[in-house]
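# Understanding the architecture of this molecule
These are the residues of each chain, in order.
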Amino acid sequence: DVKVTQSSRYLVKRTGEKVFLECVQDMDHENMFWYRQDPGLGLRLIYFSYDVKMKEKGDIPEGYSVSREKKERFSLILESASTSQTSMYLCASTEGSLGGTGNTIYFGEGSWLTVV
Amino acid sequence: EDQVTQSPEALRLQEGESSSLNCSYTVSGLRGLFWYRQDPGKGPEFLFTLYSAGEEKEKERLKATLTKKESFLHITAPKPEDSATYLCAVLWGGADGLTFGKGTHLIIQP
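As a starting point, this report considers the structure included with it. (Residues numbered from 1 in each chain as written. Chains lettered and ligands numbered in written order. Predicted model: local features only at pLDDT ≥ 70, side-chain atom pairs only at ≥ 80, totals over all residues. Heavy atoms only, no water.)

## Examining the pattern of salt bridges
Overall, the coordinates contain 9 salt bridges over all chains when judged by the stated rule. Note that aspartate 38 of chain A is salt-bridged to arginine 44 of chain A, the shortest N-O span being 2.9 Å. Overall, the relative accessible area of 11% leaves aspartate 38 of chain A in the buried class. We classify arginine 44 of chain A as partly exposed; its relative accessible area is 25%. In this structure, arginine 37 of chain B and aspartate 39 of chain B form a salt bridge, with 3.0 Å as the shortest nitrogen-oxygen distance. The exposure class assigned to arginine 37 of chain B is buried, which follows from its relative accessible area of 14%. (Salt bridge = Lys/Arg side-chain N within 4 Å of Asp/Glu carboxyl O. Buried < 20%, exposed > 50% of the residue type's maximum accessible area, 1.4 Å probe, protein only.)

## Topic: the state of the cysteines
All names here are of chain A. One pass over the structure, following the stated rule, counts 2 disulfides over all chains. What pairs with cysteine 23 in a disulfide is cysteine 91, and their sulfur atoms sit 1.9 Å apart. Taking the sign of the S-S torsion, -75° for the link of cysteine 23 and cysteine 91, the bridge is left-handed. Of this pair, cysteine 23 sits in strand E3 (residues 19-25) while cysteine 91 sits in strand E9 (residues 87-94), and the two are 68 residues apart along the sequence. (Disulfide = S-S within 2.5 Å. Helix = DSSP H or I, 4+ residues; strand = E, 2+ residues; numbered from the N terminus.)

## Observations regarding the sheet that holds strand E1 (residues 4-6) of chain A
Residue and element names in this part refer to chain A. Judged by pairing direction, the sheet is antiparallel, and its 4 strands sit side by side in the order E1-E3-E8-E7 without closing on themselves. Strands with a single pairing partner mark the edges of an open sheet, and in this sheet they are E1 and strand E7 (65-70). Mean inter-strand twist for the sheet, computed between neighbouring axes without regard to direction, equals 20°. Summarising the sheet, E3 and strand E8 (residues 73-78) pair through 6 bridges and their orientation is antiparallel. Directly across from cysteine 23, in E8, lies its bridge partner phenylalanine 74. (Pairing = 2+ DSSP bridges. Axes fitted to C-alpha atoms, helices over the stretch in contact; angles between N-to-C directions.)

Take a look at the structure:
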């Protein structure tokens, strides 16, 4: 089974703090993603990476950055946390291309971040 | 305008009462439509992927179908353990990631 592990399940941070959310996948997947999920808004893509040291902006990248130094690890960074970034953050991974290949995106359990 | 719309937002059924959830999309160049189940406090769990109109897939009490502009998730004789939020997502155009609907919150009462 594919396993996507998010190291922190629940975090409480102060406004202005730098926050790191870590994600590790154990299936040698090429592509990794960070989404946030908010009531009434659904899941929205923040950033994704299709290879080590490569990153692409998703739909809502403002206020976030990412790091992928190793294939299995994808980090989401909030440079200066704000209350508007209180949310559930979901990491996901997939092997190669999604369309028509039988591949799918596998999600981690989520990280609940509260910024006070 | 939302690119992926799920209806209803919430649905309460009695155990054994079959129904369908709808996912309609306005994107062009559909490359795949995905269904996920999400339990409270957990990440989405993959159910199905559909690639072309007319395609159907089944898993236990669930069957997903796809037309040119929408997909249905049919739930036959549901049980309380089927209670969850069901998410629909599309892969379209040149996108690399999925675009999600807001989900249908399903409650099955014993």
